[in-house]
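What follows is each chain in one-letter form.
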Amino acid sequence: MEAALWIVRGAAVYAIIGVFFSVWFVTRGIGRVDPATTGSTWGFRAMITPACCALWPLAFFWLLRGRSWKGSES
Amino acid sequence: MSVAYKAVNWNRHKLVYDALLLVGIIFSIGAFYTAGRVVFSGATDETLIMRALAFTAFLLLHIILCVGPLCRMSPRFLPLLYNRRHMGVAVFLVGLVHAVFALLQYSAGGVLNPLVALLARGTDITSIAQFPFEFLGLAAIMILFLMAATSHDFWLANLTPRLWKRLHMLVYVAYALIVAHVAIGFLQDERRPVYLFLLLAGVGVIAGLHVAAGFMQWRRDARSRRDDKSFVDVCPVSEIIPDRARVVFVGEESIAIFRHGVGGKLFSAISSVCAHQGGPLGEGKIIDGCATCPWHGYQYRPEDAQSPPPYTERLKTYDVRIEEGIVRVNPKPHAPGTRVEPAQLASLETNV
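Below: a short report on this structure. Since the structure is predicted, the reported quantities are computational estimates derived from the model, not experimental observations.

1. Structural notes on the interface of chain A and chain B
Consideration 1: Facing the 31 residues of chain A at the interface are 26 residues of chain B.
Consideration 2: A combined buried area of about 2,200 Å² lies between chain A and chain B, and 78% of that area is made up of carbon and sulfur atoms.
Consideration 3: If you look at where chain A meets chain B, you find zero salt bridges.
Consideration 4: Taken together, the links from chain A to chain B amount to five residue pairs in polar contact (both at pLDDT 80 or more).
Consideration 5: Among the elements of the structure, α1 (2–33), α2 (42–54) and α3 (56–65) of chain A are those that each provide at least two residues to the side of chain A that touches chain B.
Consideration 6: Sort the elements by how many residues they give to the side of chain A that touches chain B and α2(A) lands first, with eight residues.
Consideration 7: When grouped by side-chain class, the residues that make up the side of chain A that touches chain B number 19 nonpolar, nine polar and three charged.

As structure tokens, then:
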């Protein structure tokens, strides 16, 4: 019971941080990790928001790095 | 391709596909609910709706998992493959509504948060009857969420195609979790053999199709390995229809030999693996002078395997020649985007 409570609380905190981060990321930060997003539509930004919420530590890492992994395979 | 992103690159095919998908989902839920009132006579409306949603999501997941091997076995199924990601998102959304229904029906109404109530439920993993099958469904819905949320090309490009593909291969883990979820959950309540038979039939169809498609691929690869030389025979020119391609597998190379140009007199060999999502380029056709991937319409010039400006995708090219009416290709690749002069069909060899 106590463990279940902490799991749900932890998930909620993670999700809340994700929501705030992703709102900033899709409106401002995204251009720093993928220049191809410049001029992209709001529909596109809304569409990638759920994954930004879920993967916000990764998106944050990309921001610190200055770019994503795009093109790193070629 | 590599210009500014859009939410969805709509075209007529996608609109028709999504319309049919929506109609199919509504029909499936309605049909299951109607039939369920007879078959599950003691079930409440909430239970019937919850099961109808689960049935629909599970059915769609089966279709998704069948589409890949079917397309490898026959190009006739390619229209199903195109836009498959929309079907994947639909599976997640229908599955999510099922999960919310189940959570509200079984875990709400008390003093505890429904999620806490679900997680805190007494469980015994050594007993099938007491096994927390809800956790299996929860894990599956989390995987389906991750797949649906990262289905946009932005994530494909930024996660890299290799990682993205690995992430999306988790669909098989999600499928296994759902099969276990159904077997331990639903089949514990409904013990009629027909339900177990249907579940096993679904698993059998998916496993059988994957094995059959893998076997066909293995035979193609073995045939190519046996004939491996500097240039390998592909087929008589007459077997490649103008504006289409023939795919040949040599070693690790998957090569598409496209027949193009006025009268179908030119032959060019490029990689059959689309740079976008690894799609089967060789199963596409020449549109506006470019080899066009059947998955998402990515285009490449046959001579140099480069996407026309402003796009920047490039594929490997190969030397191709025609000798005594036979198309032959050298499987040693040139660097992506290298121009290779097309082999030209002499007028006497022109045939279709």
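2. Here's the deal with the packing of aromatic side chains
Consideration 1: Overall, the coordinates contain 20 aromatic pairs over all chains when judged by the stated rule.
Consideration 2: With 6.5 Å between their ring centres and 50° between their planes, Phe21(A) and Trp56(A) make a pair best called tilted. On the criterion of sequence distance, the pair formed by Phe21(A) in helix α1 and Trp56(A) in helix α3 is long-range, its members being 35 residues apart.
Consideration 3: The class for Trp56(A) is buried, based on a relative accessible area of 17%.
Consideration 4: Taking 5.8 Å as the distance between ring centres and 65° as the angle between the ring planes, the aromatic pair formed by Phe44(A) and Phe154(B) counts as edge-to-face. Of this pair, Phe44(A) sits in helix α2 while Phe154(B) sits in helix α7 (residues 153–159), each in a different chain.
Consideration 5: Cation over ring: Arg9(A) sits above Trp6(A), and NZ or CZ is 4.9 Å from the ring centre.
Consideration 6: If you follow Arg45(A) out to its NZ or CZ, it ends over the ring of Trp42(A), 5.3 Å from the centre.

3. As for the pattern of salt bridges
All names here are of chain B.
Consideration 1: Taken as a whole, this structure holds eight salt bridges over all chains when the rule is applied.
Consideration 2: Ionic pairing is found between Asp-233 and Arg-328, a salt bridge with its closest N-O pair at 2.5 Å. Note that Asp-233 is positioned in strand β1 (residues 232–236) and Arg-328 in strand β10 (residues 326–329), a separation of 95 residues in sequence.
Consideration 3: Residue classification places Arg-328 among the buried positions, given a relative accessible area of 17%.

4. Looking at the nonpolar core
Consideration 1: By size, the foremost hydrophobic cluster in this structure holds 41 residues, and its most contacted members are Phe58(B), Leu60(B), Leu61(B), Tyr175(B) and Ile178(B).
Consideration 2: When residues of this core are traced back to their parent elements, those giving at least two are α1 (12–39), α2 (45–73), α4 (84–107), α6 (133–149), α9 (171–189) and α10 (193–226) of chain B.
Consideration 3: Once residues within four sequence positions are removed from consideration, Leu60(B) is found in contact with Leu21(B), Ile25(B), Met87(B), Ala90(B) and Val91(B).
Consideration 4: Counting 25 residues, the second largest nonpolar core, distinct from the first, contains Val26(A), Ala51(A), Cys52(A) and Ala59(A).

5. A short note on the sheet that holds β10(B)
All names here are of chain B.
Consideration 1: As summarised here, the arrangement of the three strands in space is β1-β10-β9, forming an open sheet in which the pairing is antiparallel. At either margin of the open sheet sits one strand with a lone partner, and together these are β1 and β9 (320–323). Taking the axes of each pair of neighbouring strands and ignoring which way they run, one obtains an average angle of 30° across the sheet.
Consideration 2: Bridge count for β1 against β10 is four bridges, and the pairing is antiparallel. Bridging from a neighbouring strand, Pro-236 pairs with Ile-326 of β10.

6. As for the packing of α6(B) against α9(B)
All names here are of chain B.
Consideration 1: Contact geometry for α6 and α9: axes closest at 8 Å, N-to-C directions at 155°. Here α6 is positioned roughly antiparallel relative to α9, judged by the angle of their axes. The handedness of the crossing between α6 and α9 is left-handed. Together, Phe-133, Glu-134, Leu-136, Gly-137, Ala-139, Ala-140, Ile-143, Leu-144 and Met-147 of α6 and Val-171, Val-173, Ala-174, Leu-177, Ile-178, Ala-180, His-181, Ile-184 and Gly-185 of α9 make up the contact between the two elements.
Consideration 2: Class assignment of the residues belonging to the contact of α6 with α9 gives a composition of 14 nonpolar, three polar and one charged.

7. A few points about the side chain of His276(B)
All names here are of chain B.
Consideration 1: Among the structural elements, His-276 can be located in the loop between β4 (266–271) and β5 (285–287).
Consideration 2: Taking relative accessible area as the criterion, His-276 reaches 6% and is therefore assigned buried.
Consideration 3: A polar contact of 2.8 Å, which involves the side chain of His-276, links it to the side chain of Asp-153.
Consideration 4: Polar contacts involving the side chain of His-276 include one to the side chain of His-296, which spans 3.2 Å.
Consideration 5: Dropping the residues within four chain positions of it, His-276 is found in contact with Arg-85, Asp-153, Leu-156, Pro-161, His-296, Tyr-298 and Tyr-300.

The rules behind these values
Residues numbered from 1 in each chain as written. Chains lettered and ligands numbered in written order. Predicted model: local features only at pLDDT ≥ 70, side-chain atom pairs only at ≥ 80, totals over all residues. Heavy atoms only, no water. Contact = heavy atoms within 4.5 Å. Buried area = accessible area lost by both parts, 1.4 Å probe. Salt bridge = Lys/Arg side-chain N within 4 Å of Asp/Glu carboxyl O. Polar contact = N/O pair within 3.5 Å; in protein donor to acceptor, adjacent residues only side chain to side chain. Helix = DSSP H or I, 4+ residues; strand = E, 2+ residues; numbered from the N terminus. Nonpolar A, V, L, I, M, F, W, Y, C, P; charged D, E, K, R; others polar. Phe/Tyr/Trp six-rings, centres within 6.5 Å; stacked < 30°, edge-to-face > 60°. Buried < 20%, exposed > 50% of the residue type's maximum accessible area, 1.4 Å probe, protein only. Lys NZ or Arg CZ within 6 Å of the ring centre and 35° of its normal. Core = buried A, V, L, I, M, F, W, Y, C linked by side-chain atoms within 4.5 Å. Pairing = 2+ DSSP bridges. Axes fitted to C-alpha atoms, helices over the stretch in contact; angles between N-to-C directions. Parallel < 35°, antiparallel > 145°, perpendicular 65-115°, else oblique. Left-handed = near helix turned anticlockwise from the far one by under 90°.

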